[in-house]
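Working through the structure, step by step
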Amino acid sequence: GNSVTQMEGPVTLSEEAFLTINCTYTATGYPSLFWYVQYPGEGLQLLLKATKADDKGSNKGFEATYRKETTSFHLEKGSVQVSDSAVYFCALSDHEGGSEKLVFGKGMKLTVNP
Amino acid sequence: DVKVTQSSRYLVKRTGEKVFLECVQDMDHENMFWYRQDPGLGLRLIYFSYDVKMKEKGDIPEGYSVSREKKERFSLILESASTNQTSMYLCASSSSGSLGGELFFGEGSRLTVL
């Protein structure tokens, strides 16, 4: 079945450091890809998404490009802030069986120190 | 502001008790989901529903049941709670018309079974 593999961490960075969180997927067909973020004490919220190959999603300084040839959707940010401390989940939309649901990676906890 | 509301943020129950977790959304979404979140395992889908009175099993339905009597409300039921059901439970909803299945999450219900 469809699956997502992502870096698990935890990762600790200093403010203004460069961030990359790797995500690769296995899927039949052409899924949509997502990054969700969970801030401390909150539920998940959508950070960005891409619905087809070569699409780039971006939000709050984060970017990810849908790479069909490498089945990847790596998340990047050029300069992280303390407020980016959170857990990040990569996900794909699963259309198997005629229903649509999201399949999530295991999540990666990021801590950014001042 | 759109919202998914989970009735209890924290619950403590005893082994063998019947537990109800309630979720209400105010976005008129057709689809609703229950996930559990555990460290190192990410989010795993328990049950989902695409319409009133309809339900489908997710990846880990054993020990759980659900009820969807009204469009806005989706309840998760633990018929006889066990210690291995201690977890964070996340409810989510989405519109059938949304491209790529974007989910909106509640803040979560942390259940401890003693």
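Above this text is the structure in question.
Residues numbered from 1 in each chain as written. Chains lettered and ligands numbered in written order. Predicted model: local features only at pLDDT ≥ 70, side-chain atom pairs only at ≥ 80, totals over all residues. Heavy atoms only, no water.

1. With respect to unusual backbone geometry
Heads up, the rule is: A run of DSSP states H or I qualifies as a helix once it reaches four residues; a run of E qualifies as a strand once it reaches two. Both are numbered from the N-terminal end. Using a 1.4 Å probe on the protein chains alone, a residue whose accessible area is under 20% of its type maximum counts as buried, one over 50% counts as exposed, and one in between counts as partly exposed.
Omega for the bond connecting Gly9 of chain A with Pro10 of chain A falls within 30 degrees of zero, at 5°, which places this linkage in the cis form. Inspection of the secondary structure assignment puts Pro10 of chain A in the loop between strand S1 (3-6) and strand S2 (11-14). Phi at Asp28 of chain B is positive, roughly 60°, even though this residue is not glycine. We classify Asp28 of chain B as exposed; its relative accessible area is 52%. A positive phi angle is found at Lys53 of chain B, which is not glycine, with a value near 65°.

2. Here we look at the nonpolar core
Generally speaking, a soluble globular protein has its nonpolar side chains buried in company with each other. All names here are of chain A. This is how it is decided: Here, the term nonpolar core denotes a set of buried Ala, Val, Leu, Ile, Met, Phe, Trp, Tyr and Cys residues that are joined through side-chain atoms within 4.5 Å. Whether two residues are in contact is decided by their heavy atoms: any pair within 4.5 Å suffices.
With 27 residues, the main nonpolar core has Trp35, Leu47, Leu48, Phe73, Leu75 and Tyr88 as its most contacted residues. Of all the secondary-structure elements, those providing two or more residues to this core are strand S3 (19-21), strand S4 (23-26), strand S5 (33-38), strand S6 (44-50), strand S8 (62-65), strand S10 (86-94) and strand S12 (108-113). With 4 residues, the top contributor of residues to this core is S10. In contact with Leu47, other than residues within four places in its own chain, are Trp35, Tyr36, Val37, Asn59, Lys60, Phe62, Leu75 and Tyr88.

3. A word on the interface of chain A and chain B
Where we set the bar: Buried surface area refers to the total accessible area, computed with a probe of radius 1.4 Å, that the two partners give up upon joining, counted for both partners together. Only one rule defines a salt bridge in this text: a Lys or Arg side-chain nitrogen within 4 Å of an Asp or Glu carboxyl oxygen. Any pair of N or O atoms that falls within 3.5 Å is considered a polar contact. Within protein, one atom must be able to donate a hydrogen and the other to accept it, and sequence-neighbouring residues count only if both atoms are side-chain atoms. Each residue receives one of three labels: charged for Asp, Glu, Lys and Arg, nonpolar for Ala, Val, Leu, Ile, Met, Phe, Trp, Tyr, Cys and Pro, and polar for the others, Gly being one of them.
Taken together, the contact between chain A and chain B spans 20 residues of the former and 22 residues of the latter. A buried area of about 1700 Å², summed over both sides, lies between chain A and chain B, and 54% of it is on carbon and sulfur atoms. The tally of links between chain A and chain B comes to 1 salt bridge. Lys49 of chain A is the salt-bridge partner of Glu102 of chain B, the closest N and O atoms lying 3.9 Å from each other. Here chain A and chain B share 4 residue pairs in polar contact (both at pLDDT 80 or more) between them. Residue assignment for the side of chain A that touches chain B shows that the elements contributing at least two residues are S5, S6, S10 and strand S11 (101-104) of chain A. Its residues placed into classes, the side of chain A that touches chain B shows 7 nonpolar, 8 polar and 5 charged.

4. As for the side chain of Gln85 of chain B
All names here are of chain B. Summarising the element assignment, Gln85 is placed in the loop between strand S9 (73-78) and strand S10 (87-94). From its side chain, Gln85 meets the backbone oxygen of Gly63 in a polar contact 3.2 Å long. Here Gln85 is in contact with Arg36, Gly63, Tyr64, Leu78, Ser80, Leu111 and Val113, once residues within four sequence places are set aside.

5. Notes on the pairing of S11 of chain A
Residues and elements named next belong to chain A. Put simply, the rule is: For two strands to be treated as a pair, DSSP must find no fewer than two bridges joining them.
The alternating pattern of S11 places Lys101 and Val103 and Leu102 and Phe104 on opposite faces, both of which are buried. Strand direction decides the pairing type here: S10 and S11, joined by 4 bridges, are antiparallel. When the sheet's bridge partners are listed, Leu92 is paired in S11 with Val103.

Interpretation in functional terms is not warranted from these geometric data alone.
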